[in-house]
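Listed below are the residues making up each chain.
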Amino acid sequence: MSMDLTRLALAGPIIDDAVNEGPYPAAAVAVATARETVWAHVAPGRDNAALDSIFPVASLTKPMTATAVFQLVEQGKLLLNVPVARYLPEFAANGKERVTAWHLLTHSSGLEEDQFYGELQALGTTPPPGWLFEAACRSHLNFEPGSAHKYTTLTFSVLAELVRRLSGLPHPEYMRRHIFEPLGMKDTGFSPRDRSRATPQYDLGTHEQMSSWETMADPGGGAWSTVADLVRFGQAYLRGGEFDGYRLISPASIAVMTGHYTQGVFGYGTTDRFNYGAGWGKPSLPRNGDLLASERAFGHGGATGCLLWIDPEYGFVYVFLSNRWNLPDPNDTRARVLNIVYGAAGSGS
């Protein structure tokens, strides 16, 4: 697959403006084909970031955890449409006995999370191990599982507990052994491997709250990574689940994970359309003109201004990283740069 580097270069000034004149503290961006990185750019900003800086990737953690879940499915240890309570009996409390892993992956479980993230902020100290899963067990449902969609991060603590019990390894250790290390994602984990290369986290809270966040290893939003590592993760998906001889996941799992299961319906309690697969986001359907994406495309963003996007139709991986929580982006920088990538792309493989 070819990429027009002259066209890709149009993205540089847009990224620089988003940092120098806009809300982004820093930004690091890369575009890759299935085999190589063809373009990269960094806007250092106030933090003097570099292309190898380690960024908080927030909800980009979700497709990583979802990958671990599908590995368990492929090992015959988990069925997605069986109630989670079969594996985690305590999760059935408060009317959750019908919730399945499929509901959790597709954000259609109905699990209430606002109360518990409020409790977490009020703690003021590092919560005990397993606090997030215990909160999910204590929680109730906002709607009947499968009847609506609501983006929820607490559900991924339940998926992480499934990983722990069915694999015998703590979720972060499982991720390290079966995803990060085999793919060569040496700078990806739930705390920065090299603090000297870690970007500051803006607007998350006090130093104590940030330390608490790392200690929890939130499976739905707590990972750190680099553009190079995320390119590797994306390339594994672009190559049908394999990377340099390691089978991360099967083509069958990729097909299921990247289907579009909400079909542009409105989410619970909102007039916003929700577009999601099973651990991955999807482009808007029906088309509303925001992206040039194909229907095969999939990706995930995060509250720190990050985005990983993969489009097998055009054969590329796109990574955009920044480091401000709940980052406002009135100029839609990530989407504008992604459209430049589409404009530069040839046909995929």
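So, here is what we can say about the structure in this document. It should be emphasised that the depicted structure is a prediction, and the values quoted were computed from it without experimental measurement.

## A word on the overall build of the protein chain
For step 1, the next point in the chain: A tally of regular secondary structure across the protein chain gives 12 helices and 9 strands.
For step 2, the next point in the chain: Here the C-alpha atoms of the protein chain give a radius of gyration of 19 Å, agreeing with the 20 Å that 2.2 N^0.38 yields for 349 residues.
For step 3, the next point in the chain: Over its C-alpha atoms, taken along the principal directions, the protein chain stretches across nearly 55 × 45 × 45 Å.
For step 4, the next point in the chain: Counting only residues that meet the buried cut, the protein chain has 58% of its 349 residues in that class.
For step 5, the next point in the chain: The long-range share in the protein chain, meaning contacts at least 24 apart out of those at least 6 apart in sequence, stands at 66%.

## A look at the side chain of Thr61
For step 1, the next point in the chain: Of note, Thr61 is situated in helix H3 (residues 61-74).
For step 2, the next point in the chain: Residue class for Thr61 comes out buried when judged on its relative accessible area of 0%.
For step 3, the next point in the chain: Only 2.6 Å separates the side chain of Thr61 from the backbone oxygen of Ala58, close enough to count as a polar contact.
For step 4, the next point in the chain: A distance of 3.0 Å separates the side chain of Thr61 from the backbone nitrogen of Ala223, its partner in a polar contact.
For step 5, the next point in the chain: Not counting residues within four places of it along the chain, the set of residues in contact with Thr61 comprises Phe190, Asp218, Pro219, Gly220, Gly221, Gly222 and Ala223.

## Things to note about the sheet that holds strand S2 (residues 37-43)
For step 1, the next point in the chain: Pairing in this open sheet of 5 strands is antiparallel, and the strands run S2-S1-S9-S8-S7 from one edge to the other. The open sheet has two edge strands with one neighbour each: S2 and strand S7 (298-302). Adjacent strand axes in the sheet meet at a mean angle of 5 degrees, parallel and antiparallel pairs treated alike.
For step 2, the next point in the chain: Along the sheet, helix H2 (residues 11-20) makes contact with strand S1 (27-32), S2 and strand S9 (316-321), crossing S2 at roughly 25 degrees.
For step 3, the next point in the chain: The strands that helix H12 (residues 333-344) touches are S1, S7, strand S8 (306-311) and S9; relative to S9, the one it contacts most, it runs at about 155 degrees.

## Details of the packing of aromatic side chains
For step 1, the next point in the chain: According to the stated counting rule, one finds 11 aromatic pairs in the structure shown.
For step 2, the next point in the chain: Ring geometry for Trp102 against Tyr261: centres 4.8 Å apart, planes inclined by 70 degrees, an arrangement best described as edge-to-face. With Trp102 in helix H4 (residues 101-105) and Tyr261 in the loop between helix H11 (251-257) and S7, the pair connects residues that are 159 residues apart, well separated along the chain.
For step 3, the next point in the chain: A relative accessible area of 32% places Tyr261 in the partly exposed class.
For step 4, the next point in the chain: Cluster of aromatic residues (ring-pair linked, three or more members): Phe233, Tyr237, Trp280 and Phe298.
For step 5, the next point in the chain: In this structure, Arg324 is placed above the aromatic ring of Tyr202, and the distance from its NZ or CZ to the ring centre is 5.7 Å.

## Some thoughts on the packing of H3 against helix H8 (residues 171-180)
For step 1, the next point in the chain: Where H3 contacts H8, the two axes come as close as 10 Å, and the packing angle between them is 80 degrees. Relative to H8, H3 is oriented roughly perpendicular. Contacts from Met64, Thr65, Thr67, Ala68, Gln71 and Leu72 of H3 reach H8 at His171, Tyr174, Met175, His178, Ile179 and Phe180.
For step 2, the next point in the chain: Classifying every residue of the contact of H3 with H8 by side-chain character gives 7 nonpolar, 5 polar and no charged.

## Section: the layout of surface pockets
For step 1, the next point in the chain: Taken as a whole, the largest pocket spans an internal volume of roughly 860 Å³.
For step 2, the next point in the chain: Counting only elements with at least two residues in the lining of the largest pocket, the list comes to S7, S8 and H12.
For step 3, the next point in the chain: Residues of the lining of the largest pocket, tallied by class, amount to 13 nonpolar, 9 polar and 6 charged.

## Section: the packing of H2 against H12
For step 1, the next point in the chain: Relative orientation of the contacting elements H2 and H12 amounts to 170 degrees, with a least axis distance of 10 Å. Relative to H12, the element H2 lies roughly antiparallel. Along its contact with H2, which presents Ala11, Ile14, Ile15 and Ala18, the element H12 presents Thr333, Arg336, Val337 and Ile340.
For step 2, the next point in the chain: Of the residues contributing to the contact of H2 with H12, the split by class is 6 nonpolar, 1 polar and 1 charged.

## Here's the deal with the side chain of His103
For step 1, the next point in the chain: Inspection of the secondary structure puts His103 in helix H4.
For step 2, the next point in the chain: Classification of His103 as buried rests on a relative accessible area of 13%.
For step 3, the next point in the chain: From its side chain, His103 meets the backbone nitrogen of Thr100 in a polar contact 3.0 Å long.
For step 4, the next point in the chain: Not counting residues up to four positions away in its chain, the partners in contact with His103 are Arg98, Ser108, Ser109, Pro145 and Gly146.

Definitions and cut-offs
- Residues numbered from 1 in each chain as written.
- Predicted model: local features only at pLDDT ≥ 70, side-chain atom pairs only at ≥ 80, totals over all residues.
- Heavy atoms only, no water.
- Helix = DSSP H or I, 4+ residues; strand = E, 2+ residues; numbered from the N terminus.
- Rg over C-alpha atoms; globule rule 2.2 N^0.38 Å.
- Buried < 20%, exposed > 50% of the residue type's maximum accessible area, 1.4 Å probe, protein only.
- Contact = heavy atoms within 4.5 Å.
- Polar contact = N/O pair within 3.5 Å; in protein donor to acceptor, adjacent residues only side chain to side chain.
- Pairing = 2+ DSSP bridges.
- Axes fitted to C-alpha atoms, helices over the stretch in contact; angles between N-to-C directions.
- Phe/Tyr/Trp six-rings, centres within 6.5 Å; stacked < 30°, edge-to-face > 60°.
- Lys NZ or Arg CZ within 6 Å of the ring centre and 35° of its normal.
- Parallel < 35°, antiparallel > 145°, perpendicular 65-115°, else oblique.
- Nonpolar A, V, L, I, M, F, W, Y, C, P; charged D, E, K, R; others polar.
- 1 Å grid on protein atoms, 1.4 Å probe; cavity = no way out; pocket = protein on both sides within 12 Å on 5 of 7 lines; lining within 4 Å.
- Points joined across faces, edges and corners; volume = space filled by probe spheres on them.

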